[in-house]
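The lines below spell out each chain.
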Amino acid sequence: MKTSNPVLSRFGQAAERERAAGYAQPGPYGQPGYPQQYQPYPQQQYATGYPAAPTTAAPMTLDDVVVKTVTMLAILGGAAAATWVLVPDQLLGLAWLGGAVVGLVLGMIISFSRMANPALVVAYSIIEGVFVGAVSKFFDHRYPGIVLQAVVATFGVFFVMTMLYKARVIRATPKFTKIMVAIMGGLFAAMMINLVLSLFGVNTHLRDGSGLAIVFSLVCIVVASLSFVLNFANIEEGVRMGLPQRYAWTAAFGIVVGLVWLYLEVLRLLSYFQGDD
């Protein structure tokens, strides 16, 4: 299946490159691909005719993705907690802006990179943790208890989407994928345009608590929730293709991006119903 998820869209291309490099070879009788060292009959041999020693690359598994996702969330949560405790209120804006800009740049690099880079993914977790911590502290000071509500709602939605995907109630069909990618691209463009216009004092009413802002946040929450379906499908594809274990970091990155987006939208939506911005 050809994937077009903006975050994990390079799984297919990565698999092809890894096969060409000798990491992932198709399994016999149509089985999932396995790294070369796990092939039953290694092709490389010493001059004596005996099989060459196996390499150390291992295929990515679902457990690998789960472990890397939990690791990223732990790092992100730790950075967020440190920001909350250590950054004074007068510097929250700087931490907010700096984390957002650096996180966006790192996210784009990881998304469009041709190789999995665990170091960049860990760095992203730290920077995004600073951003999330600053945003959360700001909102919680204005609306006490809102952060806990947003966290519970975020993971509740993620759990529901996981169950729906596991039961195959929602599937990442080619049509579904194309529509989702188009909508996510449109939402990202709208948010960037709104940000730029706001710098010049132009209010588009997308983020001011108005009726339009509420609808926009609801749309973002629905799309962010459905984006997990694309993530899950691409992870399954990566496992089936026998991608090397390090690509579990890329898969985990995709899930964490979706969780952060969903959390921020839920946090913003809850704030609309608790008072004026």
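Residues numbered from 1 in each chain as written. Predicted model: local features only at pLDDT ≥ 70, side-chain atom pairs only at ≥ 80, totals over all residues. Heavy atoms only, no water.

Draft legend 1. Focus on the overall build of the protein. Counting its secondary structure elements, the protein contains eight helices and two strands. When the helices and strands of the protein are listed from N to C terminus, the series reads α-β-β-α-α-α-α-α-α-α. Counting every position in the protein, which comprises 277 residues, the buried fraction comes to 42%. Taking as baseline every contact in the protein between residues at least 6 positions apart, the subset at least 24 positions apart corresponds to 79%. Carbon and sulfur atoms make up 70% of the accessible area of the protein, which totals about 14,400 Å². (Helix = DSSP H or I, 4+ residues; strand = E, 2+ residues; numbered from the N terminus. Buried < 20%, exposed > 50% of the residue type's maximum accessible area, 1.4 Å probe, protein only. Contact = heavy atoms within 4.5 Å. Areas by Shrake-Rupley, 256 points an atom, 1.4 Å probe, with all protein chains shown as cover.)

Draft legend 2. Focus on the packing of aromatic side chains. Counting across every chain of the model gives eight aromatic pairs. Ring centres of Phe 138 and Phe 139 lie 5.6 Å apart, and the angle between their planes is 90°; this geometry places the pair in the edge-to-face category. Residue class for Phe 138 comes out partly exposed when judged on its relative accessible area of 32%. Aromatic ring contacts, followed pair by pair, group Phe 158, Tyr 165, Phe 228 and Phe 232 into a single cluster. The positively charged end of Arg 168 is found above the aromatic ring belonging to Tyr 165, 4.7 Å away from the centroid. (Phe/Tyr/Trp six-rings, centres within 6.5 Å; stacked < 30°, edge-to-face > 60°. Lys NZ or Arg CZ within 6 Å of the ring centre and 35° of its normal.)

Draft legend 3. A look at the packing of helix H3 (residues 92–112) against helix H4 (residues 118–142). Their axes nearest at 8 Å, the elements H3 and H4 cross at an angle of 150°. Relative to H4, the crossing made by H3 is left-handed. In terms of residue class, the contact of H3 with H4 is made up of 19 nonpolar, three polar and two charged. (Axes fitted to C-alpha atoms, helices over the stretch in contact; angles between N-to-C directions. Left-handed = near helix turned anticlockwise from the far one by under 90°. Nonpolar A, V, L, I, M, F, W, Y, C, P; charged D, E, K, R; others polar.)

Draft legend 4. How the structure looks around the packing of helix H7 (residues 211–241) against helix H8 (residues 247–272). One can describe the packing of H7 onto H8 by two numbers: an axis separation of 9 Å at closest approach and a directional angle of 165°. It follows that H7 is roughly antiparallel to H8 by the angle criterion. The hand of the H7/H8 crossing is left-handed. (Parallel < 35°, antiparallel > 145°, perpendicular 65-115°, else oblique.)

Draft legend 5. Representation of H3. For H3, which comprises 21 residues, the first-to-last C-alpha distance of 30 Å matches the rise-based estimate of 30 Å (1.5 Å per residue) to within 8%. Turning to H3, its buried residues number three or more, namely Leu 92, Ala 95, Gly 99, Gly 103, Leu 106, Gly 107, Ile 110 and Ser 111. Down the axis of H3, the buried set is contained in an arc of 125°. They therefore lie on one face. In H3, those exposed residues whose orientation departs by more than 90 degrees from the buried face are Leu 94 and Leu 97. In this fold, the buried residues of H3 make contact with H4 and H8. (Expected span 1.5 Å × (residues − 1). Arc of directions from axis to C-beta.)

Draft legend 6. Representation of a nonpolar patch on the surface within the structure. Together, Leu 104, Met 108, Phe 112, Phe 188, Met 192, Leu 195, Val 196, Leu 199, Phe 200 and Val 202 make up a nonpolar patch on the protein surface, roughly 970 Å² of accessible area in all. Among the secondary structure elements, those contributing two or more residues to the nonpolar patch are H3 and helix H6 (174–199). No other element matches H6, which puts five residues into the nonpolar patch. Turning to its location among the elements, Phe 188 is positioned in helix H6. (Patch = residues over 30% accessible without salt bridge, like charges linked within 9 Å, V, L, I, M, F, W, Y side chains within 5 Å. Salt bridge = Lys/Arg side-chain N within 4 Å of Asp/Glu carboxyl O.)

Draft legend 7. A look at unusual backbone geometry. At Arg 168, a residue that is not glycine, the phi angle is positive and equals roughly 60°. By the element assignment, Arg 168 lies in the loop between helix H5 (146–166) and H6.

Draft legend 8. Summary view of the environment of Ser 198. In this structure, Ser 198 sits in helix H6. Residue class for Ser 198 comes out partly exposed when judged on its relative accessible area of 36%. In this structure the side chain of Ser 198 is engaged in a polar contact, spanning 2.5 Å, whose partner is the backbone oxygen of Leu 195. (Polar contact = N/O pair within 3.5 Å; in protein donor to acceptor, adjacent residues only side chain to side chain.)

Draft legend 9. Representation of the nonpolar core. Core analysis: the largest hydrophobic core is formed by 58 residues, its most contacted members being Met 72, Trp 261 and Leu 267. Apart from the residues lying within four places of it in its own chain, the contact partners of Trp 261 are Met 184, Leu 187, Met 191, Cys 220, Val 223 and Ala 224. (Core = buried A, V, L, I, M, F, W, Y, C linked by side-chain atoms within 4.5 Å.)

Draft legend 10. Molecular detail of H8. Given a rise of 1.5 Å per residue, 26 residues ought to cover 38 Å, and the 39 Å separating the end C-alpha atoms of H8 matches this to within 8%. Judged by how many residues are buried, H8 sits mostly within the fold: 22 of 26 residues are covered.

Draft legend 11. Just the pattern of salt bridges, in detail. Inspection of every chain in the model, using the stated rule, returns four salt bridges. Note that Glu 265 is salt-bridged to Arg 207, the shortest N-O span being 2.8 Å. A residue pair is termed long-range when its members are at least 10 positions apart, and Glu 265 in helix H8 and Arg 207 in the loop between H6 and H7 qualify at 58 residues.

Draft legend 12. View of the side chain of Asp 140. Relative to the helices and strands, Asp 140 is located in helix H4. Within the buried core, Asp 140 has no salt-bridge partner, and the shortest N-O distance to an opposite charge, that of Lys 137, equals 9.8 Å. Contacts of Asp 140, omitting those with residues within four sequence positions, involve Trp 84, Gly 145, Ile 146 and Val 147. (Lys, Arg positive; Asp, Glu negative; His and termini not counted.)

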